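Overview (structure and organization)
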Amino acid sequence: EMLPAVAQGAIGIQCRSDDERSLNYIKGLNHEETFSAVICERAFLEALDGNCKTPIAGQARIVDGKIQFKGLISMPDGSVTFTTESEGEVADAVAIGKAAGEKLKADAGDKFFEMMVEMSPQQVIGQL
């Protein structure tokens, strides 16, 4: 099983916070389970200070009224990988994602992240 990138496949609509008319239209389009999953995944990514160039994957799902999260960080060449799984109340989605990111940060250690940043995708491609 391969985990996707954080918030992969979710569609986001943005508008001004004071635009009541647009907010009312958008409210009808929101899918609460997807919203909860995305905020969990984004909290995970934020805890890891991730971006689109770092090999971080995460997926949250609502199953039987609980949020289940799986996360992964890896070296760009796949040589070292750390994973985590957690579950909790949907209302705690952000806290669950953040805790998962902090756990992987502690498990992997500072050296891992220094090496991950140094090893750009171009360097990995050059090694093949």
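Note: the structure precedes this text.
The structure contained in this document is the topic of the report that follows. (Residues numbered from 1 in each chain as written. Predicted model: local features only at pLDDT ≥ 70, side-chain atom pairs only at ≥ 80, totals over all residues. Heavy atoms only, no water.)

1. Section: the overall build of the chain
Per the secondary structure count, the chain includes four helices and three strands. Secondary structure elements in the chain, listed N-terminal to C-terminal, are α-α-β-β-β-α-α. The principal-axis extent of the C-alpha atoms belonging to the chain is close to 50 × 30 × 25 Å. Out of the 128 residues in the chain, the part that is buried amounts to 29%. The contacts in the chain between residues at least 6 apart in sequence include a share of 52% that link residues at least 24 apart. Separation between the mean location of the 12 positive side-chain charges and that of the 20 negative ones in the chain comes to 4 Å. (Helix = DSSP H or I, 4+ residues; strand = E, 2+ residues; numbered from the N terminus. Buried < 20%, exposed > 50% of the residue type's maximum accessible area, 1.4 Å probe, protein only. Contact = heavy atoms within 4.5 Å. Lys, Arg positive; Asp, Glu negative; His and termini not counted. Charge placed at Lys NZ, Arg CZ, Asp CG, Glu CD.)

2. Details of helix α3 (residues 93-118)
Residues three or four positions apart in an α-helix share a direction because the helix packs 3.6 residues into each turn. In this model α3 runs just 31 Å from its N-terminal to its C-terminal C-alpha over 26 residues, more than 12% under the 38 Å that 1.5 Å per residue would give. Elements in contact with the buried residues of α3: α2 (32-47), β2 (66-74) and β3 (81-89). (Expected span 1.5 Å × (residues − 1).)

3. What to know about the pairing of β3
Alignment of β2 against β3, held across nine bridges, turns out to be antiparallel. Residue pairing across strands places Lys70 opposite Glu85, the latter belonging to β3. What sits between β2 and β3 in their antiparallel hairpin is a turn of six residues, with Gly78 showing a positive phi close to 80°. (Pairing = 2+ DSSP bridges.)

4. With respect to the layout of surface pockets
A volume near 550 Å³ is recorded for the largest pocket. Ile11, Gly12, Ile13, Asn30 and Phe35 are, among the 14 residues lining the largest pocket, the residues nearest its centre. At five residues, the largest contribution of residues to the lining of the largest pocket is made by α2. When its residues are assigned to classes, the lining of the largest pocket shows nine nonpolar, four polar and one charged. One number sums up the size of the second largest pocket: a volume of about 180 Å³. Listing elements by their share of the lining of the second largest pocket, those giving two or more residues are α2 and β1 (56-63). Partitioning the lining of the second largest pocket into residue classes produces eight nonpolar, five polar and three charged. (1 Å grid on protein atoms, 1.4 Å probe; cavity = no way out; pocket = protein on both sides within 12 Å on 5 of 7 lines; lining within 4 Å. Points joined across faces, edges and corners; volume = space filled by probe spheres on them. Nonpolar A, V, L, I, M, F, W, Y, C, P; charged D, E, K, R; others polar.)

5. Some details on the sheet that holds β3
Strand order in this open sheet of three strands is β1-β2-β3, and the pairing throughout is antiparallel. In this open sheet, the two edge strands, each paired with only one partner strand, are β1 and β3. Across this sheet, the average inter-strand angle for adjacent strands is 10°, counted without regard to direction. Its contacts with the sheet put α2 on β1, β2 and β3, and the angle it makes with β1 is roughly 150°. Packed on one face of the sheet, α3 meets β2 and β3 and runs near 165° to β3. (Axes fitted to C-alpha atoms, helices over the stretch in contact; angles between N-to-C directions.)

6. Topic: the environment of Val6
Tracing the sequence through the fold places Val6 in the segment before α1 (20-27). Classification of Val6 by relative accessible area gives buried; the value is 17%. Apart from the residues lying within four places of it in its own chain, the contact partners of Val6 are Glu41, Arg42, Phe44, Leu45, Ala57 and Gly58.

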